[in-house]
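Here's the letter readout for the chains.
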Amino acid sequence: MSDLLTNLNPAQREAVTTTEGPVLVLAGAGSGKTKTLTHRIAYLVEQGKASPEELFIVTFTNKAAGEMRGRAEALLGGSLKLPWLGTFHALCVKLLRREMTQLGRPANFVIYDSGDQEQVIKQVLVTLGLNPKVYA
């Protein structure tokens, strides 16, 4: 076993080494959540409990996802590929694109943000001969 457990407090060590079932890590800012999760990823892979493709790692921001990916890769020598590490939105879109053809729909759909939606509505109004400034 590598030194993955070095410098972890008892709660972090428990979260990292629990290999059966899910583990929920709830803690405040700066408490070591990312460290714990990246060490858990590395531990599960190193111990042969999961391959990187079997791990589904969800976070809230692209910044956090990038940080987690970088740290996990560093812990495992830089060659790790984690296809299912990302934000809720990114992973859901990835799953939808992968499975969309099962629903008989194309996988090359586009998701509009609120600005995109407003632009489409304005284009529809213009196409219908209506003034977008009158119809907010």
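Please read all numbers here as calculations on a predicted model, not as lab measurements.

**Regarding the layout of surface pockets**
Stage number 1. A volume near 780 Å³ is recorded for the largest pocket.
Stage number 2. Around the largest pocket sit 24 residues that line it, and Val23, Leu37, Ile57, Val58 and Met68 are the ones nearest its centre.
Stage number 3. The set of elements that each furnish at least two residues to the lining of the largest pocket consists of helix H2 (33-46), strand S1 (57-59) and helix H3 (62-75).
Stage number 4. In terms of residues, the lining of the largest pocket owes the most to one element, H2, which gives six residues.
Stage number 5. When the residues that make up the lining of the largest pocket are grouped by side-chain class, the tally is 17 nonpolar, four polar and three charged.

**As for the side chain of Thr36**
Stage number 1. Inspection of the secondary structure assignment puts Thr36 in helix H2.
Stage number 2. Taking relative accessible area as the criterion, Thr36 reaches 4% and is therefore assigned buried.
Stage number 3. A polar side-chain atom of Thr36 sits 3.4 Å from a polar atom in the side chain of Gln12.
Stage number 4. If sequence neighbours within four positions are ignored, Thr36 has contacts with Gln12, Ala15, Val16 and Val25.

**Digging into the pattern of salt bridges**
Stage number 1. Taken as a whole, this structure holds two salt bridges when the rule is applied.
Stage number 2. For Arg71, the salt bridge identified is with Glu67, shortest N-O distance 2.7 Å. Taken together, the residues Arg71 and Glu67, both in helix H3 and four residues apart, mark about one turn of the helix.
Stage number 3. Given a relative accessible area of 34%, Arg71 falls into the partly exposed group.

Thresholds, definitions, all that
- Residues numbered from 1 in each chain as written.
- Predicted model: local features only at pLDDT ≥ 70, side-chain atom pairs only at ≥ 80, totals over all residues.
- Heavy atoms only, no water.
- 1 Å grid on protein atoms, 1.4 Å probe; cavity = no way out; pocket = protein on both sides within 12 Å on 5 of 7 lines; lining within 4 Å.
- Points joined across faces, edges and corners; volume = space filled by probe spheres on them.
- Helix = DSSP H or I, 4+ residues; strand = E, 2+ residues; numbered from the N terminus.
- Nonpolar A, V, L, I, M, F, W, Y, C, P; charged D, E, K, R; others polar.
- Buried < 20%, exposed > 50% of the residue type's maximum accessible area, 1.4 Å probe, protein only.
- Polar contact = N/O pair within 3.5 Å; in protein donor to acceptor, adjacent residues only side chain to side chain.
- Contact = heavy atoms within 4.5 Å.
- Salt bridge = Lys/Arg side-chain N within 4 Å of Asp/Glu carboxyl O.

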